[in-house]
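# Architecture and fold: a report
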Amino acid sequence: METIKNLSTKLASGETSAVALAQDSLAKIESTKNLNAYISVLNERALAKAAESDKRRAEGKSLGALDGIPVAVKDNMCIEGTRTTAASKILKNFVAPYTATAIEKLEAAGAVIVGKTNMDEFAMGSSNETSYFGKVINPLDETRVPGGSSGGSAVAVASGTVACALGSDTGGSIRQPAACTGVVGLKPTYGRVSRYGLLAYASSLDQIGPFGSTVADCATLLNAICGIDPHDNTTSTREPEDFTAKLNAGVKGKVIGVPKEYFGEGLDAECKAAIESMLKKLEAEGATLKEVSLPHISHAVSSYYIIATAEASSNLSRYDGVRYGYRSKEARKLFDLYAKSRSEGFGKEVQRRILLGSYVLSAGFYDAYYVQAQKVRRLITDDFNKAFESCDVIASPTMPGLPLKCGMNESDPMAVYLSDIYTVSLNLSGLPGVSVPCGKAGGLPVGLQWIGKPFQETDLLSIAAATEALNK
Ligand code: GLN
């Protein structure tokens with residue numbers, strides 16, 4: 001795997017050019033086609049942008065660390081004039097009329113977008129098997145999934161086609177695939193990065209974030225994409241900060257919260273051992289371990305799947321076969337047009353979510369499910385607030401075990417939902433989290449998830465960098 005840091009040093013010294021890097025990345029995408037990590041490859045556009053970058057550099061006007069660096073983005077983020085599918089048949093020919101803010105910012109920093117990556121349909125899933133364009137292969141073990149839903153972006157980095165990528169995370173979709181493929185994935189605090197131009201799944205949970213082979217690269221990407229956006233009223237008004245500032249700060253004096261509920265039943269023994277051994281190393285470096293408790297966490301998955309599907313059922317109502325996207329040719333009446341376009345255009349998992357979401361919002365069940373789930377969400381947030389009174393960061397596994405075996409989405413969807421156990425609570429509470437590789441289990445990388453206080457990404461990345469340095 002390459003790093004932004006290496007590539008930008010080579011660009012600065014003239015050892016390579018942006019066009020050469022783009023060509024190299026495009027060639028690697030072609031030669032790793034069997035992994036199915038990309039839905040669209042933006043050959044011409046990428047080479048044109050790379051040529052602009054070289055021209056800027058030649059004129060002494062380089063834009064900094066990301067200028068000329070090839071980047072991949074998940075195919076649920078719009079780029080004007082290019083196809084944006086969210087891996088769904090319903091949008092398979094949809095050409096976006098505008099560009100997502102996060103992508104606009106990346107390009108304003110000189111990054112070269114080489115392609116749009118494969119994903120679970122509408123970001124619903126943890127396996128990447130629900131894509132209309134076929135599943136993504138985990139290059140580390142083809143019998144296991146690469147995680148989802150941003151599996152394409154994770155594999156794009158893990159297979160070396162790009163040094164870094166963007167994904168979106170509603171309940172773990174950046175952190176899980178990062179863990180399954182041995183890369184770093186960061187979900188920023190809700191409101192840190194604009195979601196304008198991101199195809200909405202569950203608006204109160206969705207967040208865009210970076211993948212990289214190093215923590216430093218994720219910090220560099222976050223520097224470029226964060227900030228207030230008049231197009232997204234949930235973006236924070238905080239002043240931008242430099243997320244690379246504390247990468248070498250070390251862990252001396254840091255208090256690491258270790259939730260007792262996270263390291264008990266349900267966690268694979270080898271994964272647990274890998275994480276505990278890392279925590280010991282951090283302790284030896286001067287950090288203090290402190291047991292904390294998150295008493296309501298066992299309800300996180302159920303409340304997440306109620307809130308996420310409720311919001312999804314509302315967000316996805318816009319795909320009606322009338323305004324844009326797939327339209328059934330069979331329909332003769334208006335109602336049939338809606339019903340047929342939606343049942344032919346959406347895949348099985350998406351339909352399951354829409355049904356579940358409509359059910360929990362329906363007049364008879366709203367109080368019993370949706371309102372209860374919102375109350376649990378509050379309790380979980382209170383648990384985190386309380387835990388953070390006595391620690392700086394919280395340690396957790398990213399996944400309960402090894403990456404899931406292929407095919408489980410069909411055979412046992414409940415087991416797939418349950419694999420989100422450690423990740424969804426951060427989205428419910430809006431907290432930042434980063435998954436970093438930490439030892440191995442069954443020969444595959446294990447992900448350690450660091451959970452931070454709201455808007456404390458700089459500290460979060462600092463402990464993640466210390467973990468990375470000790471992961472030898
Ligand atoms: N696996 C979770 C879901 O299916 C999370 C997906 C995501 O973060 N986009 O809802």
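As the structure is a computational prediction, the values presented were derived from the model and not from experiment.

## So, the sheet that holds strand 5 (residues 184–187)
Pairing in this open sheet of 11 strands is mixed, and the strands run 1-3-2-4-6-5-10-11-9-7-8 from one edge to the other. Among the strands making up the open sheet, the edge pair consists of strand 1 (38–41) and strand 8 (288–292). Going across the sheet, the axis of each strand differs from the next one's by a mean of 30°, ignoring polarity. Across the sheet, helix 5 (residues 151–158) lies against strand 1, strand 2 (70–74), strand 3 (112–117), strand 4 (164–169) and strand 6 (207–212), angled at about 160° from strand 4, the strand it touches most. Sheet strands in contact with helix 7 (residues 215–225) are strand 4, strand 5, strand 6 and strand 10 (433–441), and its direction is about 145° off that of strand 6.

## Some remarks on the site of the ligand
S126, G171, S173, Y201 and Y304 are the nearest of the 15 residues found near the ligand. With respect to the ligand, the backbone of G172 contributes an N or O atom lying 3.2 Å from an oxygen atom. Among the residues making up the shell around the ligand, the classes are represented as five nonpolar, seven polar and three charged.

## Quick word on the pattern of salt bridges
Taken as a whole and judged by the stated rule, the model has 20 salt bridges. The shortest N-O distance in the salt bridge between E2 and K10 comes to 3.6 Å. K10 gets classed as partly exposed once you look at its relative accessible area, which sits at 27%. The salt bridge partner of E30 is K33, with a shortest N-O separation of 3.6 Å. When salt bridges with common partners are traced through the structure, they connect K55, E59 and K61 into a single cluster.

## Overview of the packing of aromatic side chains
The full count for this structure, using the stated rule, is 14 aromatic pairs. Between F122 and Y319 the ring centres are 5.1 Å apart and the planes differ by 50°, which places this aromatic pair in the tilted class. With F122 in the loop between strand 3 and helix 5 and Y319 in the loop between helix 9 (300–315) and helix 10 (334–345), this residue pair connects regions lying 197 residues apart in the sequence. With centroids separated by 5.1 Å and ring planes inclined at 90°, the aromatic side chains of Y262 and Y422 adopt a geometry described as edge-to-face. Of this pair, Y262 sits in the loop between strand 7 (255–259) and helix 8 (269–284) while Y422 sits in the loop between helix 14 (413–418) and helix 15 (424–429), and the two are 160 residues apart along the sequence.

## Remarks on the packing of helix 9 against helix 12 (residues 367–387)
At a minimum axis separation of 9 Å, helix 9 and helix 12 run at an interaxial angle of 125°. With respect to each other, helix 9 and helix 12 are oriented oblique. Considering only the axes of helix 9 and helix 12, their crossing is left-handed. Note on element contacts: helix 12 touches helix 9 through Y369, Y370, A373, Q374, V376, R377 and I380, opposite A300, S303, I306, I307, A310 and E311. Along the lines of polarity and charge, the residues of the contact of helix 9 with helix 12 split into nine nonpolar, two polar and two charged.

Reading the values: rules and limits
- Residues numbered from 1 in each chain as written.
- Predicted model: local features only at pLDDT ≥ 70, side-chain atom pairs only at ≥ 80, totals over all residues.
- Heavy atoms only, no water.
- Pairing = 2+ DSSP bridges.
- Helix = DSSP H or I, 4+ residues; strand = E, 2+ residues; numbered from the N terminus.
- Axes fitted to C-alpha atoms, helices over the stretch in contact; angles between N-to-C directions.
- Contact = heavy atoms within 4.5 Å.
- Near = heavy atom within 4 Å.
- Polar contact = N/O pair within 3.5 Å; in protein donor to acceptor, adjacent residues only side chain to side chain.
- Nonpolar A, V, L, I, M, F, W, Y, C, P; charged D, E, K, R; others polar.
- Salt bridge = Lys/Arg side-chain N within 4 Å of Asp/Glu carboxyl O.
- Buried < 20%, exposed > 50% of the residue type's maximum accessible area, 1.4 Å probe, protein only.
- Phe/Tyr/Trp six-rings, centres within 6.5 Å; stacked < 30°, edge-to-face > 60°.
- Parallel < 35°, antiparallel > 145°, perpendicular 65-115°, else oblique.
- Left-handed = near helix turned anticlockwise from the far one by under 90°.

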